[in-house]
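Analysis of the macromolecular model
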Protein chains: 2
Amino acid sequence: MPRSTGRVTLPIQEGIDDQLRELVALLGADAVRNSDGTDLPAIASELVDTVYSTYFPARGDQDFALAHPETLINQYLMSERVTAPSTQPLVIEVLAGYFADQFQPCYERVERFWEVIDRTTGEVVPPEDWSVDRERGTVTIARPRAWHVYTVSFLAEQLWDSTQMYNYITNGWQDEPGRVKERPYDVRKNGVWEHTREALAAWLEEHPEVDVVRFTTFFYHFTLVFNAEGRERFVDWFGYSASVSPEAMDAFEAEYGYALRAEDFVDAGYYNSPFRPPSRALRDWIDFTSRFVAARAKELVDLVHSRGRQAMMFLGDNWIGTEPYGPHFASIGLDAVVGSAGSAATTRLISDIPGVECTEVRFLPYFFPDVFNHDGGDPVGQANDFWLSSRRAIVRRPLERMGYGGYVSLALEFPDFVARAAEICQEFRDIHDLSGGQEPWCAPFTVGIVNSWGALRSWQTHMVAHAQWYKACYTYAGVLESLAGLPFTVRFLSFDEVLDGGVPEDIGVLINAGAAATAFSGGPVWDDPRLAEALRAWVARGGGLIGV
Amino acid sequence: MPRSTGRVTLPIQEGIDDQLRELVALLGADAVRNSDGTDLPAIASELVDTVYSTYFPARGDQDFALAHPETLINQYLMSERVTAPSTQPLVIEVLAGYFADQFQPCYERVERFWEVIDRTTGEVVPPEDWSVDRERGTVTIARPRAWHVYTVSFLAEQLWDSTQMYNYITNGWQDEPGRVKERPYDVRKNGVWEHTREALAAWLEEHPEVDVVRFTTFFYHFTLVFNAEGRERFVDWFGYSASVSPEAMDAFEAEYGYALRAEDFVDAGYYNSPFRPPSRALRDWIDFTSRFVAARAKELVDLVHSRGRQAMMFLGDNWIGTEPYGPHFASIGLDAVVGSAGSAATTRLISDIPGVECTEVRFLPYFFPDVFNHDGGDPVGQANDFWLSSRRAIVRRPLERMGYGGYVSLALEFPDFVARAAEICQEFRDIHDLSGGQEPWCAPFTVGIVNSWGALRSWQTHMVAHAQWYKACYTYAGVLESLAGLPFTVRFLSFDEVLDGGVPEDIGVLINAGAAATAFSGGPVWDDPRLAEALRAWVARGGGLIGV
């Protein structure tokens, strides 16, 4: 039995009550929760003080979704790049290469929202020179230029929630009878918002056992696109290309005084990856969307509070537009944020979030069969790796709570893992008790990280899908990973801030880390001589500038 | 004793007559030559049929050089990059960081030929805003912008021939008494051309023992810049920055109708490295200089022929402007070209030269103390490596002759090397005898290499100072190295040719190999949609395009 208890959240499920009792005691857990695809057992409230329940504002009511097919969430996609072999009409099947279970085309005002581009010259083909066949899902370009490459940027409708799709396919559930493929709905669309509020109120009424509503998450999923074989084709954990809709684009145009184009989202197929220096249009869109998301999320959180419950946000899945380091996040009024971490930097990404009292990290590995299997899976090894990485961050910046994710029945098949998890939980509590939740000594100056994103993406640079190793950024991610466990205050600055006011006086060392032409190194911003002026003047006054 | 004799040239020197007799017999050599810094012994004509002698048209008559200091060869250089710490006058010492034995500033019409550039903005500082102090060798910028970086592009005068400087320093001779540091003179300058012709005529008269005049080379050296410590600072075997002079720039302007700027040569400090996509100005300058060099070289070659001797060109040193694959080279009328090779590709660079009957390769290693020493030097190992590499090329494209370079007395200290060299000489002759000097079977199509340079730089891409390993190009150089020994006809094409007429019909496979933004991959040329059109059309007809 542990020396102390608390600060630990466990995923639980039905049908293994006795084992759950033992496990909760062994790990000293004080909270339990359900997962995507599992239900809370009746004994949940007996086991612990606090019961979390997953809540999905943008999916889950399949009857509503099917009854209102016009409310599906949209996403901008680019067709394959098709070469015209002659000047004869060229037919492009827009969804070729995409996953039929995930997308269908959205034909609303195609002349306004779709865009055909000659990628060989970069020129837009005017709408009068192409036509759409809705039966076949094709675009025909009447008079292409021979040997030029054409693409169609188009709005799609999402037929399956991205995270559920990922979970089902990863766990091999996609063909199980009784498993519903949940359709997502957009709170900007007809009746969805009213339905969302009513559904949450009713759900709170029906679930008195739930102490904490764990929003998973709000309204828009990050970019996750599967290919025709049902495997990952494009993933961008920061991507806004599924936050779009005709309604949103119309509202944007009315407010900002200019219309966004399909290319503002499709970005030649890069879909505004955070590696790309962000355009003005994208920055405006992020602000526009975050204000909307924060205002609506606040209404849901207020409703939760009015029923005497707490509101927690999961940092992931439909988190787009929450921007935890942005100016609108604190206004949501959340009690807690929970997220998954695979490194010191991703742990800091959660623990440093301003404007929320409680932060909780879900440690890897997830209790999923990709790791929890008896055919080479190594859950103990992975747990050790991730704990050693995250612990560096935890001792620098206190974290309130920890937990695990996935399906606990899988974990129970690995007693070695359970034993090691119990030790980790105890060590986590010991660190918190010994530090008293206070930050330790830091060097008497701040380390600045300057890039195109600045504070908005604190601890969020050089990463692809959390802490996954990625050739194009692991070198630079190492800079953040190192700093996340070192005795320095770290502050993220944008080039705009330096251009406007020079390097702030509290900065002792400024780091610019990133591959050429990326948002992280800066790309074209260095063409502005004022940037070099500001940095050289600051270095001459004693500042230390490090380029990586 | 060898099975056959001939096809081999040996460097010889005075004072070791008996050893030379033995060595000539052992290697089956039929020609001998002197080197930079050695004289032919009196027995030269007894030893072999053919005596070569080095001849330097652009240096060697130090009395003339000292009597005509206004004829020194110029070179464009860029000063260090100096940051202005304030708006107070900024003083730049133009030669700081350069080798004082190599350069002095040339003050002719500084407003025309020098250029001060704000490298932070790219703007040229007008001549009225800076002044030159000839006593101190400095430029003062009156009102710089604080924290901007400035450079001075300036014409220098060469005080020491580049190859001699390299040889002296490599061999440790620079401080030996009696060693003259020869000043180079420019045949475009006052009286030099007349002197050059007269000197050659007189020299031919005085040297009846010489059968072959081995020009080393003609008038302009490749770019070789030493730093303040007398070590290599910048070397570009293809560089034209020492082919320039006020006289040449004036003549260019009169002929081409536009004036070249210092920046056309200095190129932000890249000095038009062949890795840079060549500007129109550089292409014009290469053509302008090659026509001039070919016309003047032809006069010298004609003079040699009129005295019953043969004329050979060394491919290196002062070879700039000869462009062996260019349109003017054949008009020089040379009998032979000799060059050094360190790989199959550099062997083909010599053996494929059109318009000359005899090609000779000087195999590495040079008989220099950097390899021929008893402190870790491995002349046999190096000889094997280079022979194995070159042999691949020789069996594809017959080569008339081979030889060695450097100081034979050094080689004689290594009997193992001499024995191995004798075997290599015999093998070389055997290959020539067995092939009858004919090309072997090739595949029934041509492999094209497309880059910004095209045929002008056949076998001359991706290389730095011959076959030296260099991180930025070794991957791509491997493509040429591989092709140099494979059964394919290889043809070098420029993007301009493809843009003008598509891919020629004899090409079966087209290779575009090179790092992004270089002349070898093409850089901005790919912005022209006609290039993609031409290549896609050709691939659709069955062509094979390989990008590396």
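The structure displayed is predicted, hence computed values, not measured ones.

Cut-off values and rules
- Residues numbered from 1 in each chain as written.
- Chains lettered and ligands numbered in written order.
- Predicted model: local features only at pLDDT ≥ 70, side-chain atom pairs only at ≥ 80, totals over all residues.
- Heavy atoms only, no water.
- Helix = DSSP H or I, 4+ residues; strand = E, 2+ residues; numbered from the N terminus.
- Rg over C-alpha atoms; globule rule 2.2 N^0.38 Å.
- Buried < 20%, exposed > 50% of the residue type's maximum accessible area, 1.4 Å probe, protein only.
- Contact = heavy atoms within 4.5 Å.
- Areas by Shrake-Rupley, 256 points an atom, 1.4 Å probe, with all protein chains shown as cover.
- Lys, Arg positive; Asp, Glu negative; His and termini not counted.
- Charge placed at Lys NZ, Arg CZ, Asp CG, Glu CD.
- Axes fitted to C-alpha atoms, helices over the stretch in contact; angles between N-to-C directions.
- Parallel < 35°, antiparallel > 145°, perpendicular 65-115°, else oblique.
- UniProt positions renumbered as here; feature names shortened; annotations may be inferred.
- Buried area = accessible area lost by both parts, 1.4 Å probe.
- Salt bridge = Lys/Arg side-chain N within 4 Å of Asp/Glu carboxyl O.
- Polar contact = N/O pair within 3.5 Å; in protein donor to acceptor, adjacent residues only side chain to side chain.
- Nonpolar A, V, L, I, M, F, W, Y, C, P; charged D, E, K, R; others polar.
- pLDDT = per-residue confidence, 0-100.
- Pairing = 2+ DSSP bridges.
- Expected span 1.5 Å × (residues − 1).
- Least-squares fit on C-alpha atoms with pLDDT ≥ 70 in both.
- Phe/Tyr/Trp six-rings, centres within 6.5 Å; stacked < 30°, edge-to-face > 60°.
- Lys NZ or Arg CZ within 6 Å of the ring centre and 35° of its normal.

Scanning chain A from terminus to terminus reveals 16 helices and 23 strands. In terms of C-alpha radius of gyration, chain A reaches 24 Å, essentially the compact-globule figure of 24 Å for 548 residues. The proportion of buried residues among the 548 residues of chain A is 58%. Summarising the internal contacts of chain A: among those between residues at least 6 apart in sequence, 76% fall at separations of at least 24. Of the roughly 21,500 Å² of accessible surface on chain A, 50% is carried by carbon and sulfur atoms. Both charge centroids of chain A, one from 46 positive and one from 77 negative side chains, sit 5 Å from each other.

Our next topic: the packing of helix α11 (residues 379-396) of chain A against helix α13 (residues 415-435) of chain A. All names here are of chain A. It is the contact of α11 with α13, at a shortest axis distance of 10 Å, that shows an interaxial angle of 5 degrees. Relative to α13, α11 is oriented roughly parallel. Residues P379, V380, A383, N384, W387, R391, I394 and V395 of α11 form the contact with α13, whose participating residues are D416, F417, R420, I424, E427, F428 and I431.

The UniProt entry lists residues 6-442 of chain A under the feature "domain: Lacto-N-biose phosphorylase-like N-terminal TIM barrel" (unreviewed entry), expressed in the numbering used here. As a span, residues 6-442 of chain A carries 33% helix and 20% strand, and end to end its C-alpha atoms are 28 Å apart.

Let us now look at the interface of chain A and chain B. The interface is formed by 14 residues belonging to chain A together with 14 residues belonging to chain B. Summed over both sides, the interface between chain A and chain B buries roughly 1,100 Å², with carbon and sulfur atoms accounting for 65% of that surface. Taken together, the connections running from chain A to chain B amount to zero salt bridges. At the boundary of chain A and chain B, one finds six residue pairs in polar contact (both at pLDDT 80 or more). The biggest single contributor to the side of chain A that touches chain B is helix α16 (residues 529-540) of chain A, with six residues. The residue inventory of the side of chain A that touches chain B, partitioned by class, reads seven nonpolar, four polar and three charged.

All right, on to the pattern of salt bridges then. Side-chain pairing between opposite charges can occur once the charged atoms of the two side chains come close. Per the counting criterion, the structure on display carries 68 salt bridges over all chains. A salt bridge links K298(A) to D302(A), with the nearest nitrogen and oxygen atoms 2.8 Å apart. Taken together, the residues K298(A) and D302(A), both in helix α9 (residues 280-306) and four residues apart, mark about one turn of the helix. Owing to a relative accessible area of 34%, K298(A) belongs among the partly exposed residues under this scheme. Residue class for D302(A) comes out partly exposed when judged on its relative accessible area of 35%. For R420(B), the salt bridge identified is with E423(B), shortest N-O distance 2.8 Å. In this pair, R420(B) and E423(B) are both assigned in helix α13 (residues 415-435), three residues apart and thus about one turn of the helix distant. The network of salt bridges with common partners includes R348(A), D352(A), R397(A) and E439(A).

Looking now at the confidence of the model for chain A. The pLDDT averaged across chain A works out to 94; a share of 99% of its residues lies at or above 70. Across the interface, the model reports ipTM at 0.81; the global pTM reads 0.87.

Attention now goes to the environment of V304(B). All names here are of chain B. By the element assignment, V304 lies in helix α9 (residues 280-306). Taking the C-alpha atoms as reference, V304 lies 8.7 Å from V212; in sequence the two are 92 residues apart. Those residues in contact with V304 that lie beyond four places of it in its chain are L200, L204, V213, F215, R309, Q310 and A311.

What follows deals with the sheet that holds strand β22 (residues 507-512) of chain B. All names here are of chain B. If you trace the four strands from one edge of the open sheet to the other, you get β21-β20-β22-β23, paired in parallel fashion. At either end of the open sheet lies a strand with only one pairing partner, and these are β21 (489-494) and β23 (544-547). Averaged over all pairs of adjacent strands, the angle between strand axes in this sheet comes to 25 degrees, irrespective of strand direction. With four bridges connecting them, strand β20 (residues 446-451) and β22 associate as parallel partners. Bridging across to β22, T446 finds its partner in I507. Against the sheet, helix α14 (residues 474-483) touches β20, β21 and β22, its axis set at about 155 degrees to β20. On the sheet, helix α16 (residues 529-540) packs against β22 and β23 and is oriented at approximately 140 degrees with respect to β22.

Let us look at α13(B). Residue and element names in this part refer to chain B. Over its 21 residues, α13 runs 31 Å from end to end, which matches the ideal 30 Å to within 8%, given 1.5 Å per residue. On its buried side, α13 packs onto β1 (8-11), α1 (17-27), α11 (379-396), β19 (401-403) and α12 (408-411). Just downstream of α13, G436 is the residue with a positive phi angle, here 65 degrees.

Turning next to the relation of the copies chain A and chain B. The operation relating the pair of chain copies consists of a rotation about an axis and a translation along that axis. Laying chain A over chain B is done by rotating through 180 degrees and shifting 0.1 Å along the axis; what remains is an RMSD of 0.1 Å. Put plainly, the chains are arranged around a two-fold axis. Closest approach to the rotation axis among the C-alpha atoms of chain A is made by A516(A), whose C-alpha sits 6.1 Å away. When you check the interface residues of chain A against chain B, 100% turn up at the interface there too, and the contact is symmetric in its surfaces.

This part is about the packing of aromatic side chains. A full pass over the atoms with the stated rule returns 80 aromatic pairs over all chains. Where F275(A) meets F520(A), the ring centres are 5.1 Å apart and the plane angle is 70 degrees; that geometry is what we call edge-to-face. Within this pair, whereas F275(A) is found in the loop between α8 (262-266) and α9, its partner F520(A) is found in the loop between β22 (507-512) and α16, the two being separated by 245 residues in sequence. Summarising the burial analysis for this pair, F275(A) and F520(A) share the class buried. Ring pairing ties together the aromatic residues Y76(A), F252(A), Y256(A), Y258(A), F265(A), W285(A) and F288(A), which thus form one cluster. Residue placement shows R179(B) over the ring face of Y168(B); its charged tip is 5.7 Å from the ring centre. Above the face of the W453(B) ring, R457(B) is positioned so that its terminal group lies 4.3 Å from the ring centre.

A separate point is the side chain of D267(A). All names here are of chain A. Relative to the assigned elements, D267 resides in the loop between α8 and α9. Looking at D267, its side chain comes within polar contact range of the side chain of R276, at 2.6 Å. With residues up to four places along the chain from it excluded, the contact list for D267 reads N272, S273 and R276.

All names here are of chain A. Across the eight residues of helix α10 (residues 344-351), eight count as buried, placing the element largely inside the fold. When we look at burial in α10, the residues that qualify are A344, A345, T346, T347, R348, L349, I350 and S351. Against β16 (310-315), β17 (336-341), β18 (358-363), α11 and α14 (474-483) lie the buried residues of α10. The opening residue of α10, the one whose side-chain oxygen lies 3.5 Å from the backbone nitrogen of A345, is S343.

The subject of this paragraph is the pairing of β22(B). Sheet faces and side chains relate simply in a regular strand, where the side chains alternate between the two faces. Residue and element names in this part refer to chain B. The element β22 is extensively covered by neighbouring structure, given that five of its six residues are classed as buried. Where β22 lies against β23, four bridges are found, and the strand directions are parallel. Residue pairing across strands places V509 opposite G544, the latter belonging to β23.

In this section: the sheet that holds strand β10 (residues 130-133) of chain B. Residue and element names in this part refer to chain B. Taking strand neighbours across the sheet as the criterion, the three strands line up as β6-β11-β10 in an open arrangement whose pairing is antiparallel. Strands at the two margins of the open sheet, each flanked by one partner only, are β6 (90-93) and β10. In this sheet, adjacent strand axes meet at a mean angle of 25 degrees when their direction is disregarded. For β6 and strand β11 (residues 138-141), the ladder comprises four bridges, and the chain directions are antiparallel.

This part covers the side chain of Q460(A). All names here are of chain A. Mapped onto the fold, Q460 is located in the loop between β20 (446-451) and α14. On the basis of relative accessibility, which here comes to 2%, the residue Q460 falls in the buried class. Setting aside residues up to four positions removed in sequence, Q460 forms contacts with F238, W319, Y325 and L349.

Turning next to the packing of helix α1 (residues 17-27) of chain A against α13(A). Residues and elements named next belong to chain A. The interhelical angle for the contact between α1 and α13, taken along N-to-C directions, is 40 degrees, at an axis separation of 8 Å. The orientation of α1 with respect to α13, classified from their angle, is oblique. Facing L23, L26 and L27 of α1, the residues of α13 in contact are V418, A421, A422, C425 and R429. Considering only residue class, the contact of α1 with α13 consists of seven nonpolar, no polar and one charged.

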